[in-house]
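# Descriptive structure summary
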Number of protein chains: 2
Amino acid sequence: MRIVIALGGNALLKRGQTPDAAIQVANVETACRALAPLAREHEIVITHGNGPQVGVLALQSASDPNLTIPYPFDTLGAMTQGMIGYWMLQSLQNNLPGRDVAAIINQTLVMESDPAFDHPTKFVGEVYTEQEAVELTAARGWVMKPDGEHFRRVVGSPRPQRVIETKLIRSMLDDGTVVVCAGGGGIPVVRDEHGNRVGVEAVVDKDLTAAVLAEHLDADLLMILTDVPAVIDGFGTDAARPIHRATPKMLRAMDFPDGSMGPKVEAVCRFVELTGGISAIGRFEDAVQLVAGLAGTVVTPGGDYGGVRDNQVPVTAATNGQKVRA
Amino acid sequence: MRIVIALGGNALLKRGQTPDAAIQVANVETACRALAPLAREHEIVITHGNGPQVGVLALQSASDPNLTIPYPFDTLGAMTQGMIGYWMLQSLQNNLPGRDVAAIINQTLVMESDPAFDHPTKFVGEVYTEQEAVELTAARGWVMKPDGEHFRRVVGSPRPQRVIETKLIRSMLDDGTVVVCAGGGGIPVVRDEHGNRVGVEAVVDKDLTAAVLAEHLDADLLMILTDVPAVIDGFGTDAARPIHRATPKMLRAMDFPDGSMGPKVEAVCRFVELTGGISAIGRFEDAVQLVAGLAGTVVTPGGDYGGVRDNQVPVTAATNGQKVRA
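Let me sum up the structure you'll find in this document. (Residues numbered from 1 in each chain as written. Chains lettered and ligands numbered in written order. Predicted model: local features only at pLDDT ≥ 70, side-chain atom pairs only at ≥ 80, totals over all residues. Heavy atoms only, no water.)

### So, the overall build of chain A
What counts is decided by this rule: Secondary structure follows DSSP: runs of H or I at least 4 residues long count as helices, runs of E at least 2 residues long count as strands, and numbering of each begins at the N terminus. Relative accessibility decides the category of a residue: with a 1.4 Å probe and only protein chains considered, values under 20% of the type maximum give buried, values over 50% give exposed, and everything between is partly exposed. Should any heavy atoms of two residues lie within 4.5 Å, those residues are considered in contact. Shrake-Rupley sampling with a 1.4 Å probe provides the accessible areas, and residues are treated as covered by the protein chains on show and by no other component. Neither His nor the chain ends contribute to the count of charged residues, in which Lys and Arg are positive and Asp and Glu negative. Taken as the charge centre is NZ of Lys, CZ of Arg, CG of Asp or CD of Glu, depending on the residue.
Broken down by element type, chain A carries 9 helices and 17 strands. For chain A, the residues scored as buried account for 57% of the 326 residues in total. Of all intrachain contacts in chain A linking residues separated by at least 6 positions in sequence, the fraction that spans at least 24 positions is 70%. With an accessible surface of roughly 13000 Å², chain A has 51% of that area assigned to carbon and sulfur atoms. If the 28 positive side-chain charges of chain A are averaged to one point and the 38 negative ones to another, these points end up 6 Å apart.

### Describing the pairing of strand 16 (residues 278–283) of chain A
Look at any regular strand and the pattern is simple: side chains alternate between the two faces of the sheet. Residues and elements named next belong to chain A. Test applied: Pairing between strands is defined by DSSP: at least two bridges between them are needed.
Across the 6 residues of strand 16, 5 count as buried, placing the element largely inside the fold. Of the strand pairs in this sheet, strand 12 (residues 221–226) and strand 16 are connected by 6 bridges, and their pairing is parallel. Pairing of Ile-224 across the sheet is with Ile-281, part of strand 16. Where strand 16 meets strand 17 (residues 297–299), 3 bridges bridge the pair, whose relative direction is antiparallel. Bridged to Ala-280 within strand 17 is Val-298.

### Regarding the sheet that holds strand 6 (residues 143–147) of chain B
Paired through backbone hydrogen bonds, the strands of a sheet run either parallel or antiparallel to each other. Residues and elements named next belong to chain B. Worth spelling out the cut-off: All axes here are fitted lines through C-alpha atoms, helices being fitted over the stretch that makes contact, and every angle between N-to-C directions spans 0 to 180 degrees.
Strand order in the open sheet made by the 3 strands is 5-7-6, with antiparallel pairing throughout. What marks the edges here is a single partner per strand, and that holds for strand 5 (122–128) and strand 6. Along the sheet, successive strands turn relative to each other by an average axial angle of 40 degrees, direction set aside. When strand 6 meets strand 7 (residues 150–155), the two strands line up antiparallel, connected through 5 bridges. The partner of Lys-145 across the bridge, within strand 7, is Arg-152. In the packing of helix 4 (residues 130–140) onto the sheet, contacts are made with strand 5, strand 6 and strand 7, and the angle to strand 5 comes to roughly 120 degrees.

Here you go:
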């Protein structure tokens, strides 16, 4: 199978951990060891989050007296792609002897007309006083909003339309290379009036980018790996129960929090609806079990999934015994 | 032809410039516009320096109260590969419509037994007082040396042996992709006792890495682009004169400064001696003229070079009319 994996930020840095390189490298090693068995049997693309990492670099950059203007978010995103890409590249190479691994820099195309640019909602960077906020708006055009007692900058989170380097990624996959790409959802760019790509100050949801990438790569399976074992129906209520199998329609009828499970559910539903493929949400430690149909939430057109073991063809109502790339 | 280009740090940030992203992006755009005509006619690999950029990030990281230990140099190098790689990727894509461009993260293998590790000479990061220097040696094992009135950390500059991802780069070149790679000479790694790659605190000379990469990619031409129009014989003396054509033997008989022209001359000599290929040193603005044999210093086995125009075969005593990949 061709599998696109979106690895959550918790696989790189757990809540409360210091963002030291050594701590993140150890976490990356644990995650890559969990994914290595899949890479031995399947074509694998790995994307990853970068929220805490870009936050650390944004603060460093904002306090740097050598800079007139802190690094913009496209540059900061690129830095995290380099840093996390290197850690994953090295760990995957060490865990997959004889296999080629690539970590590449990626841009994600968004639309300048995306309504998210007019209604920015994502808090980024440092906290400021109201006076500082007013000055930053005047000096840099930043949109500032109250966040508790302080003010913080907000940027838009436009819909990812396409990973610019999709053709390159497909070609590497066809050659049997394990590809690490589109970190942090990819560096957001728009096309200007000459058709040129230009970086924008925005945040792209990494799970939605993974879904677009999976669609354009003709992937069989989109796996969203996070720190919960499955999608929970009635989360936070007495009736809470894990969902093991679902159709997009079932999930769309439920309510999920905007900031966390919402975009993941949207991403898996979109991929299954558009491609008829298979999607799964679960813990990265359970990655192999997820593919075998023994853990997590698996979403298919018909809500059924028999699992893939020993690199066989997955059985769902949609594929109905038809050959899936295996 | 297959050309490996090593782009000097001055192409990204000129002396005295503020290291703001916008300033560097404008410089990168100028450099990529100068290189685009070559990329239209030839197979191109571009490596680049990262000295000033890694310096900025090292200081940011050292002053970050959120980190227990500043990011090590392998991680910092990876961050600059992401940042500069993104800027070059975008600019090359915009200047080469219809052409695939890739920017990838690279490690460079060095030997743990390299004598440079026992005699570190490269100053990196912040300045400290003598007392702080003693404490840092005790706490982190850093080797500290006096630098003027202050103390600074020194790391080794081992010989680059191989860019780990050479096979991947060759495959992309074969597909017609313009490849940006091995930024900052590549992230230095050694093999541990299990054969695994592990990052090390070291600095690799980017021109020497470019020479190794050019050799392993079977490149026809290694171009080292910097801020001087040519190698100067008798630099700083009344008899100073630019060298237009040279053999490795001629250059090895001259004296060049260790920190600047020395490694460049070593890199071009090594490439020509090992492969019988062509090497050139000059300004990035003159890149097209260099290939045409009309600017810079061109080094060949026989000290002659007729230039390549309109994608024809270069004529030197060594190739003697034989087919060179064109």
